[in-house]
Each structure stands twice: as structure tokens, then as C-alpha cells.
Amino acid sequence: MTHTSTGAVVRVGGLEDIPAIVALQARSWRTAYRGIVDDAFLDAIPIQRWVESWRAHFFAGATRCFVAEENQRLIGFASVGKPDDVEDLEPSVAELHTIYIEADHYGLGVGHLLLETCLDHLRRERFAGVVLWVLEANQRGRGFYERAGWRPDGARAADCWGATSVARVRYRRSLQV
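Here the residue numbering is sequential within each chain, running from 1 through the sequence in written order. Per-residue local features are limited, in this predicted model, to residues with pLDDT of at least 70; the limit for side-chain atom pairs, both in listing and counting, is 80 or more; totals at the level of whole chains, interfaces and linings are taken over all residues. Neither water nor hydrogens contribute to the side-chain values; these are computed over all heavy atoms in the structure.

Quick look at the overall build of the protein
In step 1: Each helix corresponds to a stretch of at least 4 residues labelled H or I by DSSP, and each strand to a stretch of at least 2 residues labelled E; elements are numbered beginning at the N terminus. Scanning the protein from N- to C-terminus turns up 5 helices and 7 strands.
In step 2: For 177 residues, the compact-globule formula gives about 16 Å, and the C-alpha radius of gyration of the protein, at 16 Å, lands near that figure.
In step 3: Viewed in the frame of its principal axes, the protein has a C-alpha envelope of about 40 × 40 × 30 Å.
In step 4: In the protein, which comprises 177 residues, the proportion classed as buried is 49%.
In step 5: Whether two residues are in contact is decided by their heavy atoms: any pair within 4.5 Å suffices. Put simply, of all contacts in the protein between residues at least 6 apart along the chain, 63% involve residues at least 24 apart. Here the radius of gyration uses the C-alpha set of atoms, whereas the globule reference equals 2.2 Å times the residue count to the power 0.38. The buried label goes to any residue with under 20% of its type's maximum accessible area, the exposed label to any with over 50%, and the partly exposed label to all in between, with areas taken from a 1.4 Å probe on protein chains only.

This is the structure in C-alpha cells:
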């Protein structure tokens, strides 16, 4: 799949992509969450632990990951699967676990291309809906999701990231076409 304005190609990610995925995720966190989350926390992201976590998800088959490349360089990725928190969700609901894009590709359609690839995959897997969690203070991310038809569903959570307490809101959308 190619996006005409960027030349990005999306494919299924594999184990060989994990180092680049983790590096991009860490850069994205440092860009997107600076000023929202404690700087010391962002500067001390545990890269090796993230690599091991991604490997475990791949081996367990719990997550389907898609990567976007441009000139054979990873510029974004997204992952979907069963929800992490299922107590209030129907079995037909999946979760968009991650979507991160290189900052120099914001607004070029790469995020939309990855998102649509994930949603198409979930439709083929016969899911009826999908949720995601986003930091309440992440206005760029929330705007992206809202422009793509996602809406807050009322669920909220709080976490402690380093010295910062962060609020998350859950968004939902139907997969019906």
C-alpha cells in the first residue's frame, strides 16, 4: 500500500523491525510528551525493556504491527490487538495499542495511512469496534483521532510516569462501514 503524497509504504511488521520500532517510539514519546511528562522520565526510557516487551508481544501473537517506510527507512508504526483492559468491553472490541510517526512526517498522511491499515485489518478479523487510550493533555493526538472519527467514551484512567501523574482518556469508534 502506498500513499501518493509521501511515497510511504505500509507492510506488516516483524521481529527484525523491533529495534527501529522501539527507537521511533522513544523519539516520539520525547517529542510528543515533553512538557506533559517529567523530563527525567522521558530521558530515561528503558529501551532494552521495551525491546523485550515488543518481542514478547510478537511471539505471543497478541499484537499485529504495521510499519510505514519511506526509502526503506521506518517512519511510523501502529499496532492493534485484544484490549489490555477488558472488564467493560465486549469481546468484539479491539484496541489500537500504538501509533507513532516521525515528527518530520506529521501532517503528511502517514498516520492516516497506518490507522486505515489497522482498521481494515480489524474489520477482516470481524471486530465490530475499536478503542484506544490517549493522554488527556496530548492535544495533537486527540485532534488526530477526532478528525478520524474517534470519540471519547467516558472511560478514564490515571497513571504515574516518573514524577508525573498523567490522566488518560479512552476513545472509541465503530468499525462498521
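Looking at the packing of aromatic side chains
In step 1: Paired rings are identified among Phe, Tyr and Trp, the last through its six-membered ring, by centres lying within 6.5 Å, and are further divided according to the angle between planes into stacked (under 30 degrees), edge-to-face (over 60) and tilted (the rest). If you walk through the whole model with that rule in mind, you get 12 aromatic pairs.
In step 2: With a centroid separation of 6.1 Å and 40 degrees between ring planes, the pair formed by Trp-54 and Phe-58 is classed as tilted. Within this pair, Trp-54 and its partner Phe-58 are both found in helix 3 (residues 47-60), separated by 4 residues, close to a single helical turn. Take Trp-54 and Phe-58: they sit in the same class, and that class is buried.
In step 3: With a centroid separation of 5.7 Å and an interplanar angle of 45 degrees, the aromatic rings of Phe-77 and Tyr-100 are classed as tilted. Of this pair, Phe-77 sits in strand 3 (residues 73-81) while Tyr-100 sits in strand 4 (residues 93-101); the two residues are 23 residues apart in sequence, bridging distant segments of the chain. We note that Phe-77, like Tyr-100, is buried.
In step 4: Ring pairs connect the aromatic residues Trp-29, Tyr-33, Phe-41, Trp-50 and Trp-161, which therefore count as one cluster.

Here's the deal with the nonpolar core
In step 1: The definition of a nonpolar core used throughout is a set of buried Ala, Val, Leu, Ile, Met, Phe, Trp, Tyr and Cys residues joined through side-chain atoms within 4.5 Å. In this structure, Leu-96, Leu-114, Tyr-145 and Trp-150 are the most contacted members of the largest nonpolar core, which totals 28 residues.
In step 2: Sorting the residues of this core by element identifies strand 2 (63-70), strand 3, strand 4, helix 4 (110-124), strand 5 (129-135) and strand 7 (164-174) as the ones contributing at least two each.
In step 3: With 7 residues, the top contributor of residues to this core is helix 4.
In step 4: Every residue in contact with Leu-114, bar those within four places of it in the chain, is listed here: Val-10, Phe-66, Val-67, Ala-68, Gly-76, Phe-77, Ala-78, Ile-99 and Ile-101.
In step 5: Grouped together as the second largest cluster of nonpolar side chains are 22 residues, Ile-21, Tyr-33, Trp-54 and Trp-161 included.

Some details on helix 4
In step 1: Expected helix span is taken as 1.5 Å per residue step, with the number of steps being one fewer than the number of residues. End to end, helix 4 covers 21 Å across 15 residues, agreeing with the expected 21 Å (1.5 Å per residue, within 8%).
In step 2: For helix 4, the tally of buried residues reaches 11 of 15 residues, placing the bulk of the element in the interior.
In step 3: Taken together, the buried positions of helix 4 are Val-110, Gly-111, Leu-113, Leu-114, Leu-115, Thr-117, Cys-118, Leu-119, His-121, Leu-122 and Arg-123.

Considering helix 1 (residues 18-32)
In step 1: The end-to-end C-alpha separation of helix 1 is 20 Å, in line with the 21 Å expected for 15 residues at 1.5 Å each.
In step 2: Considered for burial, the residues of helix 1 that qualify are Ile-18, Ile-21, Val-22, Leu-24, Gln-25, Ala-26, Ser-28 and Trp-29.

Considerations on the side chain of Ser-28
In step 1: Position of Ser-28 relative to the elements: it lies in helix 1.
In step 2: Judged by its relative accessible area of 4%, Ser-28 falls in the buried class.
In step 3: Sequence-distant contacts of Ser-28, that is, excluding residues within four places in its chain, are made with Tyr-33, Tyr-100 and Ile-101.

The values are spatial; any link to function lies outside them.
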